[in-house]
Amino acid sequence: MKKFQILVVEDDAPVRNLITTTLRAHDYRFITSGTGEGAVMEVASHNPDIILLDLGLPDIDGVEVIRRVRSWSNVPIIVISARAEDNDKIDALFYNAPTVAFTLILYGILFIIVENYNKHREPQVGELSDLTYKIAVIIGCFQVLALIPGTSRSGATILGALLIGTSRYVATEFTFYLAIPVMFGASLLKVIKFGFHYTAIEVVILLVGCLVAFFVSVFAIKFLMGYIKKHDFKAFGYYRIVLGILVLLYFLIFG
């Protein structure tokens, strides 16, 4: 019986040798790569049955390898890594077209259901000043759902707020306030993670990007707050459903 061909992607030679020795002892066929770019090329040329992938590679990140491979292949990928960051594990496991398409469609449906459910209900919280600490904490907990790729952080918190009984305007306004510490903390964590070894040009580019993002966000938020005063979130729900279907169709046709 012909056994699987396994691609072993590991830059640490002793670990790679240990894995290949074990595979050889069980008569598995295997090919190896010590880099992310090499791994992508091996997948394209040899079409392995399984990939054993280390996330900490010297050239491109293992998660990026998964993203590239998933753009055209459904080959099973087993992650082998000493990384402790939860976001790396989640990206490695769930960052793929089917998951993104599913969450897009799911939350689109949920927006429509919640809007229909609230159609004849009077909001319990009509002003931001009426928001209690307890309700604020519960709404904040909904942000955890955004760890799954395809889930909008603001969408998850708005849905949570609407379910609890806030008005659309309060839900949207509080969600944007909630984004300030979250985005600042996430950005700071990224800077620390990648180190402070930036050139003067890179610092300028980073600052310009931050300023542009800030002013664009101000205009976008102003538009959305005005829209919410007169409309509901059903249009956003339909948009997510259509986008999810398009992502799924693209993956089925070209993946």
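About the cut-offs
Residues numbered from 1 in each chain as written. Predicted model: local features only at pLDDT ≥ 70, side-chain atom pairs only at ≥ 80, totals over all residues. Heavy atoms only, no water. Helix = DSSP H or I, 4+ residues; strand = E, 2+ residues; numbered from the N terminus. Contact = heavy atoms within 4.5 Å. Core = buried A, V, L, I, M, F, W, Y, C linked by side-chain atoms within 4.5 Å. Buried < 20%, exposed > 50% of the residue type's maximum accessible area, 1.4 Å probe, protein only. Polar contact = N/O pair within 3.5 Å; in protein donor to acceptor, adjacent residues only side chain to side chain. Salt bridge = Lys/Arg side-chain N within 4 Å of Asp/Glu carboxyl O. Pairing = 2+ DSSP bridges. Axes fitted to C-alpha atoms, helices over the stretch in contact; angles between N-to-C directions. Phe/Tyr/Trp six-rings, centres within 6.5 Å; stacked < 30°, edge-to-face > 60°. Parallel < 35°, antiparallel > 145°, perpendicular 65-115°, else oblique. Left-handed = near helix turned anticlockwise from the far one by under 90°. Nonpolar A, V, L, I, M, F, W, Y, C, P; charged D, E, K, R; others polar.

What about the side chain of T166?
Piece 1. Examined against the element boundaries, T166 turns out to sit in the loop between α7 (153–164) and α8 (168–194).
Piece 2. Excluding its chain neighbours within four sequence positions, the residues that come into contact with T166 are P123, V125, L131, I139, A161 and A171.

Some details on the nonpolar core
Looking at soluble globular proteins, one finds that nonpolar side chains tend to be buried together.
Piece 1. Core analysis: the largest hydrophobic core is formed by 18 residues, its most contacted members being L131, I139, I158, L162, F174 and F233.
Piece 2. Going through the elements one at a time, α5 (97–118), α6 (133–141), α7 and α8 are the ones with two or more residues in this core.
Piece 3. Beyond its immediate chain neighbours, meaning those up to four positions away, F233 contacts F111, E115, I158, L162, R168, T172 and I228.
Piece 4. In this structure, I31, V40, V43 and V75 belong to the second largest nonpolar core, which totals 14 residues.

What about helix α2 (residues 36–46)?
Piece 1. Of all the positions in α2, only G36, G38, A39, V40, E42 and V43 are classed as buried.
Piece 2. Elements in contact with the buried residues of α2: β1 (5–9), β2 (29–33), β3 (50–53) and α3 (62–70).
Piece 3. Taking the backbone nitrogen of G38 as reference, a side-chain oxygen 3.0 Å away marks T35 as the first, capping residue of α2.
Piece 4. The first or second residue beyond α2 is N47, which carries a positive phi of 50°.

Observations concerning the pattern of salt bridges
Piece 1. In this structure the tally under the stated criterion is four salt bridges.
Piece 2. The salt bridge involving R67 is made with E64; its shortest N-O contact spans 3.9 Å. In this pair, R67 and E64 are both assigned in helix α3, three residues apart and thus about one turn of the helix distant.
Piece 3. Accessibility expressed as a relative area gives 28% for E64, which makes it partly exposed.
Piece 4. The partner of R168 in a salt bridge is E115, with the nearest N and O atoms 3.0 Å apart.

Observations regarding the sheet that holds strand β4 (residues 77–79)
Piece 1. Read across the open sheet, the four strands follow the order β2-β1-β3-β4; overall the sheet is parallel. The two strands at the open ends of the sheet, each matched to only one other strand, are β2 and β4. Direction aside, the axes of adjacent strands within the sheet are offset by 20° on average.
Piece 2. For β3 and β4, the ladder comprises three bridges, and the chain directions are parallel. Of the residues in β4, the one forming a bridge with I51 is I77.
Piece 3. Across the sheet, helix α1 (residues 13–25) is in contact with β1, β2 and β3; its angle to β2 comes to roughly 170°.

As for the packing of aromatic side chains
In this description, an aromatic ring pair is defined by two values, namely the gap between the centres and the angle between the planes.
Piece 1. Under the defined criterion, the tally for this structure stands at five aromatic pairs.
Piece 2. Among the aromatic residues, ring-to-ring pairing joins F111, F233, F236 and Y239 into one connected group.

Overview of the packing of α6 against α7
Piece 1. Between α6 and α7, the shortest axis-to-axis distance is 8 Å and the interhelical angle comes to 140°. One way to sum up the angle between α6 and α7 is to call them oblique. Judged by the twist between their axes, the crossing of α6 over α7 is right-handed. Contacts between α6 and α7 involve I135, I138 and I139 from the former and T157, A161 and I164 from the latter.
Piece 2. The residue makeup of the contact of α6 with α7, split by class, is five nonpolar, one polar and no charged.

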